[in-house]
Amino acid sequence: MTEHETQHDWDSVWLGANIATMEDGRYNLIEQGAIAVKNGQIVWLGVASDLPQYHAAYTYEWDGGLITPGLVDCHTHLVFGGNRANEFEMRLNGASYQDIAKAGGGILSSVNATRAATVAQLVDSAEPRLRSLMADGVTTLEIKSGYGLTSQSEIAMLQAAKALLDKHSVDIKTTCLAAHALPLEYADRADDYIDYLCDELLPKVAQLGLADAVDAFCEGIGFSVEQTERYFKAAQALGLPVKLHAEQLSALGGASMAAGYHALSADHLEYVTEADVIAMAQAGTVAVILPGAFYVLRETQKPPIELFRKHGVPMAIATDANPGTAPVLSLRLMMNMACTLFAMTPEEALAGATLNGAKALGIADQVGSLAVGKKANFIHWNVASPGELSYWVGGQLLQHRVYNGELT
């Protein structure tokens, strides 16, 4: 691109609001900023009064407010069949997460409904949930499989996620979470199921190009550290990066093991130890904080935010949107909960839902902050300061949503 084109031939220019760029995870507020876009990318960013001479097909000038990067929801289970509202009532009547799982509820109840659904039905049921996240500021999200637990149904879930990408103005990263629970066909044969995943399911998923990463549920009611490690080795042999549900209900050392495989993220982490945190810091593994599951399960063990700060582990925040333990459809609400429940700062919360969420997906070079060369995905909010995004509980704060440089 020539200097003349950079200065004078832009697709759009966006003016009239302050900008929180979130570079390096800080607000880095630009008062009365401007963003120039060409071919869906940011080509100029700064104070509006410093704009060079330009020609643009469209110039948008807003009357105040705040622009931030589009929010990144780096951990969701948005595609599934059925509904588990009854489990919410069971927990309120005293049943624990483990009690529900052992009684045939939990993940396995979603498995039955998901297996019975077609790809089209999975897409139709997920669309209202996706629209809710988008209306709350999300422009990038991850969708996991994990409610099929057979090659056919796991592939159907991933195909549904890809179909959502084709239909909506949002970036979607897909994750194969086939090691989510032990299906009834493999009752008391967890090692055999892991063999099946490694030898048959993962190679099919990789061959079809349906997954950007691989995940597992490493827990007493899920899979052991050793079983998860075998699954990770198979994933990495296929060129797929890994991430892990770790230390949600007990301390098993899964986060340290995941760090040994340079996992993109370890998620939940209520019972993580300092040794785990140090391993994550050394590996560059992001800590994904999930306040919704903590809240819905009425847990009391909080993730060790101070340890993540002490050792410089990036903290992302996500909805964990799922039918059982986190029926959450607002990432901004999770930002508020991260502050009120876990004492994160509003700046940490916004970084967690933007730059660090992008790091947890391995795409921080593309999205998560506003900088020249990155995608022009940003939100114009009806707020005066960035901290208000964590301060307000609910409300329609989103004024305009820009995806790939276009209003959506």
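Everything quoted here is computed from the prediction, not taken from an experiment. (Residues numbered from 1 in each chain as written. Predicted model: local features only at pLDDT ≥ 70, side-chain atom pairs only at ≥ 80, totals over all residues. Heavy atoms only, no water.)

1. Describing the UniProt feature "binding site: N-formimidoyl-L-glutamate" (unreviewed entry) in the chain
Link 1 in the chain: In the numbering used here, UniProt assigns the "binding site: N-formimidoyl-L-glutamate" (unreviewed entry) feature to Tyr 147, Asn 322 and Gly 324. These annotated residues cover 178 residues of sequence, and their C-alpha atoms lie no more than 11.5 Å from one another, placing them together at a single site.
Link 2 in the chain: By the secondary structure assignment, Tyr 147 is in the loop between strand 7 (138–144) and helix 6 (151–167).
Link 3 in the chain: Accessibility expressed as a relative area gives 7% for Asn 322, which makes it buried.
Link 4 in the chain: Not counting the four nearest positions on each side in its chain, Asn 322 is found in contact with His 77, Phe 80, Tyr 147 and Pro 327. (UniProt positions renumbered as here; feature names shortened; annotations may be inferred. Helix = DSSP H or I, 4+ residues; strand = E, 2+ residues; numbered from the N terminus. Buried < 20%, exposed > 50% of the residue type's maximum accessible area, 1.4 Å probe, protein only. Contact = heavy atoms within 4.5 Å.)

2. Thoughts on the packing of aromatic side chains
Link 1 in the chain: Within this structure, the stated rule accounts for 14 aromatic pairs.
Link 2 in the chain: Each ring, one from Phe 80 and one from Tyr 147, has its centre 6.2 Å from the other, and the planes form 80 degrees; the classification is edge-to-face. Separated by 67 residues along the polypeptide, Phe 80 in the loop between strand 6 (71–73) and helix 2 (85–92) and Tyr 147 in the loop between strand 7 and helix 6 bring together distant segments of the chain. Pair check on accessibility: Phe 80 and Tyr 147 agree, each one buried.
Link 3 in the chain: The interplanar angle of 55 degrees and the centroid separation of 5.3 Å between the aromatic rings of Tyr 186 and Tyr 193 together place this pair among those described as tilted. (Phe/Tyr/Trp six-rings, centres within 6.5 Å; stacked < 30°, edge-to-face > 60°.)

3. A word on empty space enclosed by the protein
Link 1 in the chain: Across all of its chains, the model carries two cavities of 30 Å³ or more by this definition.
Link 2 in the chain: Put simply, the second largest cavity is a space of about 50 Å³.
Link 3 in the chain: Forming the walls of the second largest cavity are Pro 69, Gly 70, Val 72, Thr 139, Thr 140, Val 367, Gly 368, Ser 369, Leu 370, Lys 375 and Asn 377.
Link 4 in the chain: The class makeup of the residues in the lining of the second largest cavity is four nonpolar, six polar and one charged.
Link 5 in the chain: If you count residues domain by domain, the lining of the second largest cavity takes at least three from each of domain 1 (8–69 + 369–407) and domain 2 (71–361). (1 Å grid on protein atoms, 1.4 Å probe; cavity = no way out; pocket = protein on both sides within 12 Å on 5 of 7 lines; lining within 4 Å. Points joined across faces, edges and corners; volume = space filled by probe spheres on them. Nonpolar A, V, L, I, M, F, W, Y, C, P; charged D, E, K, R; others polar. Domains from an automatic or database assignment.)

4. Overview of the layout of surface pockets
Link 1 in the chain: Taken as a whole, the largest pocket encloses approximately 420 Å³ of empty space.
Link 2 in the chain: Taken together, 21 residues make up the lining of the largest pocket; nearest its centre are Ala 101, Lys 102, Leu 108, Leu 182 and Ile 221.
Link 3 in the chain: Elements represented by at least two residues in the lining of the largest pocket include exactly helix 2, helix 3 (97–102) and helix 4 (107–115).
Link 4 in the chain: Tallying contributions element by element places helix 3 first for the lining of the largest pocket, with four residues.

5. Remarks on the nonpolar core
Link 1 in the chain: Within the largest apolar cluster, 100 residues are counted, with the highest numbers of intra-cluster contacts made by Cys 176, Tyr 231 and Phe 308.
Link 2 in the chain: Considering each element in turn, this core owes the most residues, nine residues, to helix 7 (residues 190–208).
Link 3 in the chain: Among the domains, domain 1 (8–69 + 369–407) and domain 2 (71–361) are the pair contributing at least three residues each to this core.
Link 4 in the chain: With residues up to four places along the chain from it excluded, the contact list for Cys 176 reads Ser 145, Glu 154, Leu 158, Leu 201, Leu 202, Val 205, Ala 211, Ala 213, Val 214, Asp 215 and Tyr 231.
Link 5 in the chain: Of all hydrophobic cores here, the second largest spans 14 residues; its members include Ala 17, Ile 19, Val 37 and Trp 62. (Core = buried A, V, L, I, M, F, W, Y, C linked by side-chain atoms within 4.5 Å.)

6. Structural notes on the pattern of salt bridges
Link 1 in the chain: This structure, assessed with the given rule, holds 18 salt bridges.
Link 2 in the chain: When the shortest N-O distance is used, the salt bridge between Glu 127 and Arg 131 registers 3.9 Å. With Glu 127 and Arg 131 both in helix 5 (residues 119–135), this residue pair falls four residues apart, about one helical turn.
Link 3 in the chain: One salt bridge in this structure joins Glu 142 and Lys 144, with 2.7 Å as the shortest N-O distance.
Link 4 in the chain: Within this structure, Glu 142, Lys 144, Asp 215 and Lys 243 form a network of salt bridges that share partners. (Salt bridge = Lys/Arg side-chain N within 4 Å of Asp/Glu carboxyl O.)

7. Remarks on the pairing of strand 15 (residues 398–403)
Link 1 in the chain: Where strand 14 (residues 378–381) lies against strand 15, four bridges are found, and the strand directions are antiparallel. Along strand 15, the bridge assignment pairs His 380 with His 400.
Link 2 in the chain: The pairing of strand 15 with strand 16 (residues 406–407) spans two bridges and is classified as antiparallel. Among the inter-strand pairings, Val 402 is bridged to a residue of strand 16, identified as Leu 407.
Link 3 in the chain: Counted between consecutive antiparallel strands, the loop separating strand 15 from strand 16 contains two residues, among which Asn 404 sits at a positive phi close to 55 degrees. (Pairing = 2+ DSSP bridges.)

8. A word on the domain arrangement of the chain
Link 1 in the chain: What the domain assignment lists for the chain is domain 1 (8–69 + 369–407) and domain 2 (71–361).
Link 2 in the chain: Relative placement of domain 1 and domain 2: their C-alpha centres are 30 Å apart.
Link 3 in the chain: Listed per partner, the contact involves 27 residues of domain 1 and 23 residues of domain 2.
Link 4 in the chain: Across the domain 1/domain 2 interface, buried area totals approximately 2000 Å², and carbon plus sulfur atoms make up 55% of it.
Link 5 in the chain: Per-residue buried area on domain 1 facing domain 2 is highest for Ser 390, Arg 401 and Tyr 403; these three make up 30% of the total on that side.
Link 6 in the chain: Inspection of the region where domain 1 meets domain 2 yields two salt bridges.
Link 7 in the chain: Between Asp 171 and Lys 375 there is a salt bridge whose closest N-O contact spans 2.8 Å.
Link 8 in the chain: If you look at where domain 1 meets domain 2, you find 13 residue pairs in polar contact (both at pLDDT 80 or more).
Link 9 in the chain: Secondary structure elements with two or more residues in the side of domain 1 that touches domain 2: strand 5 (66–69), strand 14, helix 16 (388–391) and strand 15. (Buried area = accessible area lost by both parts, 1.4 Å probe. Polar contact = N/O pair within 3.5 Å; in protein donor to acceptor, adjacent residues only side chain to side chain.)

9. Digging into the packing of helix 5 against helix 6
Link 1 in the chain: Here helix 5 crosses helix 6 at 55 degrees, and the two axes come no closer than 9 Å. Relative to helix 6, the element helix 5 is oriented oblique. Like other packed secondary-structure pairs, helix 5 and helix 6 cross with a definite hand, here right-handed. Listed contacts from helix 6 to Val 119, Leu 122, Val 123, Ala 126, Glu 127 and Leu 130 of helix 5 are Ala 156, Met 157, Gln 159, Ala 160, Ala 163, Leu 164 and Lys 167.
Link 2 in the chain: Grouping the constituent residues of the contact of helix 5 with helix 6 by class yields ten nonpolar, one polar and two charged. (Axes fitted to C-alpha atoms, helices over the stretch in contact; angles between N-to-C directions. Parallel < 35°, antiparallel > 145°, perpendicular 65-115°, else oblique. Left-handed = near helix turned anticlockwise from the far one by under 90°.)

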